[in-house]
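Residues per chain, in single letters:
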Amino acid sequence: MKLDIIAGARPNFMKIAPIIAALEKVSSLSANRRNKIQYRLIHTGQHYDKKMSGSFFKQLGIPEPHVNLEVGSGTQAEQTGRIMERYEALLLKDPADWVLVVGDVTSTMACSIAAKKLNMGVIHVEGGIRSNDISMPEEINRMVTDAITDIFYTTSEVANENLRKLGHQESKIRYVGNTMIDTLLKNMPRFNKPEAWNIYQLQEKGYFIMTLHRPANVDEETKLKNLIDEIVKGAKGMPIVFPVHPRTAKMLKGIGIEADNLHMIEPLGYLEFNYLVQHAFAVITDSGGITEETTVMKVPCMTLRDNTERPETITIGTNELVGTNPDNVAPYMEKLHNGEWKAGKIPHLWDGKTAKRIVEDLLNIDS
Ligand code: UD1
């Protein structure tokens, strides 16, 4: 089987790393299985700079991509169009049998469409999750990708149920767990204290770490300012470390927020970011993936979104959906300060062995 593995944006890299490692392990262990899968790693170039892409490849030991489509920044349609054009051109020159996409970013959808139209099989890792909020570009990416997926590797029973409701056959749905958690558990012993720890004199369980990048939170100046003001107030002087995503940085330039306990820094590497998460009092985020990581590390997490495609992080894990209204922040902050946050558990099969299960299954697929 000739298998293309697609990675495009930051949250993809931790999901493909263990799959590639498991594929490499197979080929080094067994001669008769070695030739069953020949993989090619394709980076679309959706995220391209060192902080958003290069450092993740390095820290997670992901090999150099075989191909980089170098699509760069653009509007949703520009990026989608460029990825499809360039990936199709590659496939026409040098075809593959299957494409494996992960997550819900623009690259996930664009490569699935290009591949399917050339009659390749599509494998979606993290298929079936839904926020039911179609104003999010990621939700559209999930819906389109899943509509043309042949094999779903899923992270939760809710995802399985979503796919069944959409009429997908049971044989296509394979509940394997969460590859992002494979990466987390594997790298936990390597987590690395960033410079920010000493610079801001952080204390164990004595600070917040925050990330914000969703258009719903950051694309409107007043809203972003009100949200951050409420968070700063609610932190009651505890430091808030805020690695700022490039999208958010552009907006913040115009607003000029300042507070003694708010420390805005550049995006961090994987090992440094998760060090800060592991030792934090609590996390404040609008990311989806981070809510999975906080669930496994059992760190309280406030999600500044009105919905989530990862409900198990709330029903089982340490996450709470705070919403995007700045007025909602204070009561959750009180709960944290009063020590009333729930204790979470870890969802089934988020055990660090998901990529191994995926690769064992891939070995049984006819090309
Ligand atoms: C994308 C994903 C989102 C994911 C997020 C993580 C989609 C639809 N969205 O959103 O699901 O959670 O990545 O980061 O695919 N930029 C840089 N350097 C880079 C990459 C981007 O400066 O390496 C800038 C771009 O020029 C742009 C902004 O960051 O102005 C946003 O990047 P973009 O890829 O458009 O979307 P994200 O908001 O990052």
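Quick caveat: nothing in here was measured; it's all calculated off a predicted structure. (Residues numbered from 1 in each chain as written. Predicted model: local features only at pLDDT ≥ 70, side-chain atom pairs only at ≥ 80, totals over all residues. Heavy atoms only, no water.)

Draft legend 1. Molecular detail of helix α1 (residues 10–29). Taking 1.5 Å as the rise per residue, α1 with 20 residues should run 28 Å; its terminal C-alpha atoms sit 30 Å apart, in good agreement. Every buried residue of α1 is accounted for by Asn12, Phe13, Met14, Lys15, Ile16, Ala17, Pro18, Ile19, Ile20, Ala22, Leu23 and Val26. (Helix = DSSP H or I, 4+ residues; strand = E, 2+ residues; numbered from the N terminus. Expected span 1.5 Å × (residues − 1). Buried < 20%, exposed > 50% of the residue type's maximum accessible area, 1.4 Å probe, protein only.)

Draft legend 2. Spatial organisation of helix α16 (residues 329–337). Along α16, the positions that sit buried rather than exposed are Val329, Met333 and Leu336. With its buried residues spanning 55° around the axis, α16 presents them on a single face. Buried-residue contacts for α16 involve β8 (208–211), α11 (221–234), β11 (282–285) and β12 (301–303). (Arc of directions from axis to C-beta. Contact = heavy atoms within 4.5 Å.)

Draft legend 3. Local environment of the packing of helix α13 (residues 270–278) against helix α14 (residues 289–297). Interhelical geometry of α13 versus α14 gives an angle of 55° and a closest axis separation of 10 Å. In this view, α13 runs oblique relative to α14, as classed from their interaxial angle. The two elements α13 and α14 meet at a crossing, and its hand is right-handed. Contact residues: Tyr270, Phe273, Asn274, Val277 and Gln278 in α13; Ile290, Glu293, Thr294 and Met297 in α14. When grouped by side-chain class, the residues that make up the contact of α13 with α14 number 5 nonpolar, 3 polar and 1 charged. (Axes fitted to C-alpha atoms, helices over the stretch in contact; angles between N-to-C directions. Parallel < 35°, antiparallel > 145°, perpendicular 65-115°, else oblique. Left-handed = near helix turned anticlockwise from the far one by under 90°. Nonpolar A, V, L, I, M, F, W, Y, C, P; charged D, E, K, R; others polar.)

Draft legend 4. Expanded view of the sheet that holds strand β6 (residues 151–154). Read across the sheet, 7 strands follow the order β3-β2-β1-β4-β5-β6-β7 without closing on themselves; strand pairing throughout is parallel. Bordering the open sheet on either side are β3 (67–68) and β7 (173–175), each of which pairs with just one other strand. One ladder, built from 3 bridges, connects strand β5 (residues 121–125) with β6; its direction is parallel. Residue pairing across strands places His124 opposite Phe152, the latter belonging to β6. Running at roughly 175° to β7, helix α7 (residues 157–165) makes contact with β6 and β7 of the sheet. (Pairing = 2+ DSSP bridges.)

Draft legend 5. Summary view of the side chain of Thr248. Mapped onto the elements of the fold, Thr248 is located in helix α12 (residues 246–255). Judged by relative accessible area, Thr248 falls into the buried class, the value being 0%. At 2.5 Å, the side chain of Thr248 forms a polar contact with the backbone oxygen of Leu212. The contact partners of Thr248, leaving out residues within four places of it in the chain, are Leu212, His213, Val218, Leu224 and Phe242. (Polar contact = N/O pair within 3.5 Å; in protein donor to acceptor, adjacent residues only side chain to side chain.)

Draft legend 6. Representation of the sheet that holds strand β9 (residues 240–243) in the model. One open sheet holds the 6 strands; their spatial order is β10-β9-β8-β11-β12-β13, and the pairing between them is parallel. If you trace the sheet from one side to the other, it starts and ends with β10 (262–265) and β13 (319–321), each paired once. With direction set aside, neighbouring strand axes in the sheet form an average angle of 20°. The sheet contact formed by β8 and β11 spans 4 bridges and is parallel. Across the sheet, the residue bridging to Thr211 is Thr285, located in β11. α11 rests against β8, β9, β10 and β11 of the sheet, and its axis sits at about 150° to β9. Strands β8, β9 and β11 of the sheet are contacted by α13, whose axis makes an angle of about 130° with β8.

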